[in-house]
Amino acid sequence: MGRMVVLLVAPPVLYAPTWWSSRVASKPHLHSLSGFVRDLADVRILELDTLAGVAPGDVAAVLAGIDEPLATALEGVDLVGISCWTSLHYLGAVEVARKIRATRPEVPIVVGGHHPTAMPSDFDDAEQLFDVVVCGDGEHVFRRLCEERRPRSRTTEIIRGAPYQMSDPARIDWTHYPWHDEKQRVLWLSLSRGCPFKCAYCAEPQRGTNWNNYAVEDALDILDGLARTHAPNVVCFADPLFGASRKWTEALLDGIAERQLPNMFWCETRADLMTPALLDKFRTCRFKVDFGLDTGSETMARRMVKSPSPANYLRKAREMIAHANSIELFHDTYVLFNFPGETPETTRETQEFVVAIAEGNGPISGWVSSQSFFILPGTETYKRMDEYGRDYGTEIRNPTWWRQVGDHNALATDVLPSREFRGREHELLAFREWQNTVNISRLERHSNATRAFMKGFYGL
Ligand code: B12
């Protein structure tokens, strides 16, 4: 029996033309899976959610456009892994499985990702397209399937994957680590997994992965090696919460500075976890840092389960983002409007909070990215939909939008957050105009240093 050949497919996102951006659609999760079995099998990766040249939203054209690359990638394959990474990928995952069944009815198909983790039953039905559904981390189950080389089974098996410990960096082939964007020289990778916080809109808490990470020296050796083998312009970290451990983060940043790694970096974190000294280190190491602030209202910070002490959370976040501006650390501040329980009053609180951070005429080195709440399976919000209805008059009009044909962003964000907004629905998306006004005034206050950094960061 020859060496096993495995195909990992990222299916197309069929109904989210304005929501899914291939610019950031990186695949560190697939590189971890393929690296973990590379001693057992040749792994091909087919990304169908970043296809260029096909009008997003033209579903028929998208589906017709994947036939040829899929047929080519399927040649000689013994096992197919479909990565239904988000709920936006669900209908695409089903269509890809149907196409494989039409040409290769005998090949086993395993599916994994955040959507199967949250909603495994979506992949276990009479059509029996999928043989195995993996919930949680996929490395260990995926390896076992490669070792066992089992044929298709009569029923669909749902397996919870054992958490993957980031103990051995050699599990990934860093020398041949794939580019996310070779032209812009951008790499995406993870140095840690999991998150200790319980934000109600996020799927991470129910994934059951504790925060775990590469040792600092291993992480620095990885980055050092990539600087030699790839010479990237930007390294982006897919870590759910970069900086969850202050000690680890300080040591890593000190190491990056000591080793004078030439590239820039990007990460997502929480402002309330930062200190002025830590932000200074991010600045020295040429990071763009995105802060998941989400709200400026104590009431909403409580309802989002952002922090056991909303007042402290907001006070600390305001101080740290103000410090980021004062040292001209390039950053973004994420804001989430219309979370269940949001009222016109809490919306105003958040907008005033965000504007107040940039008061005065000191330098500003960032902007605001806001969006409207959307329901996701496998989250605290999904479990508490009825309770929100009773308590706040919340109406989540398409609780299983990912199964519907239509604009998924419009369906997923079609939410009345509270009875206070009844008759004022036209105000629910007014934050978009507010954001533009805020960002225009901020861009005007960007210094030449910040503008120069942005040019380098975006390869402009
Ligand atoms: C990095 C990240 C981003 C980045 C990069 C996005 C990208 N690559 O496309 C940015 C910030 C740009 C982003 C944006 C968005 N994101 Co995001 N993101 C994440 C994050 C932090 C990644 C976590 C990670 O990499 N973990 C480490 C890897 C190794 O683990 P993993 O991803 O879980 O993969 C494992 C398993 O899923 C499984 N697995 C995965 N595929 C397969 C396949 C097979 C065959 C098998 C067996 C197993 C398997 O095994 C993998 C390895 O263990 C997650 C989680 C979080 N806490 O926020 C959210 C998350 C994935 N994002 C999410 C969403 C919804 C989005 C957005 C659509 C939201 C939005 N803002 O509009 C956008 C759209 C992105 C786009 N491309 O347009 C949701 C998805 C939930 C869902 N049910 O859909 C998550 C879970 C966060 C949340 N809100 O709950 N995101």
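Right above here is the structure, for reference.
What this report covers is the structure whose coordinates are included nearby. (Residues numbered from 1 in each chain as written. Predicted model: local features only at pLDDT ≥ 70, side-chain atom pairs only at ≥ 80, totals over all residues. Heavy atoms only, no water.)

**Comments concerning the pairing of strand E7 (residues 186-189)**
Now for step 1: Across the two faces of E7 the burial is the same, with Val186 and Trp188 and Leu187 and Leu189 all buried.
Now for step 2: Looking at chain direction, E7 and strand E10 (residues 234-237) are connected through four bridges and run parallel. Bridging from a neighbouring strand, leucine 187 pairs with valine 235 of E10. (Buried < 20%, exposed > 50% of the residue type's maximum accessible area, 1.4 Å probe, protein only. Helix = DSSP H or I, 4+ residues; strand = E, 2+ residues; numbered from the N terminus. Pairing = 2+ DSSP bridges.)

**Remarks on the sheet that holds strand E5 (residues 132-135)**
Now for step 1: Read from one edge to the other, the open sheet built from six strands follows the order E2-E1-E3-E4-E5-E6, with strand pairing classed as parallel. Both edges of this open sheet fall to strand E2 (41-47) and strand E6 (157-160), since each of them pairs with a single strand only. Within the sheet, the average angular offset between the axes of one strand and its neighbour, ignoring direction, is 20 degrees.
Now for step 2: The pairing of strand E3 (residues 79-83) with strand E4 (residues 109-112) spans four bridges and is parallel. Across the sheet, the residue bridging to valine 80 is isoleucine 109, located in E4.
Now for step 3: Here helix H2 (residues 59-74) sits on the sheet and contacts strand E1 (4-10), E2 and E3; the angle it forms with E2, its principal contact strand, is near 175 degrees.
Now for step 4: Where helix H5 (residues 139-148) meets the sheet, its contacts fall on E1, E3, E4, E5 and E6, and the angle it forms with E1 comes to roughly 145 degrees. (Axes fitted to C-alpha atoms, helices over the stretch in contact; angles between N-to-C directions. Contact = heavy atoms within 4.5 Å.)

**Things to note about the pairing of strand E13 (residues 331-337)**
Now for step 1: Among the seven residues that make up E13, six are buried, leaving the element largely enclosed by the rest of the structure.
Now for step 2: With five bridges connecting them, strand E12 (residues 287-294) and E13 associate as parallel partners. Across the sheet, aspartate 294 pairs through a bridge with valine 335, a residue of E13.
Now for step 3: Two elements, E13 and strand E14 (residues 366-372), share seven bridges in a ladder whose sense is parallel.

**With respect to the site of the ligand**
Now for step 1: In the vicinity of the ligand there are 36 residues, among which Trp19, Ser21, Trp85, Glu204 and Arg207 approach most closely.
Now for step 2: One nitrogen or oxygen atom from the side chain of tryptophan 19 is found 2.6 Å from an oxygen atom belonging to the ligand.
Now for step 3: Serine 21 places a main-chain nitrogen or oxygen 2.7 Å from an oxygen atom of the ligand.
Now for step 4: Listed by contribution, the elements that provide at least two residues to the shell around the ligand are helix H1 (28-36), E3, E4, helix H6 (204-207) and strand E11 (264-269).
Now for step 5: Considering every element that reaches the shell around the ligand, the biggest residue donor is E3, with three residues.
Now for step 6: The class makeup of the residues in the shell around the ligand is 17 nonpolar, 13 polar and six charged.
Now for step 7: In terms of domain composition, the shell around the ligand takes at least three residues from each of domain 1 (4-160) and domain 2 (169-457). (Near = heavy atom within 4 Å. Polar contact = N/O pair within 3.5 Å; in protein donor to acceptor, adjacent residues only side chain to side chain. Nonpolar A, V, L, I, M, F, W, Y, C, P; charged D, E, K, R; others polar. Domains from an automatic or database assignment.)

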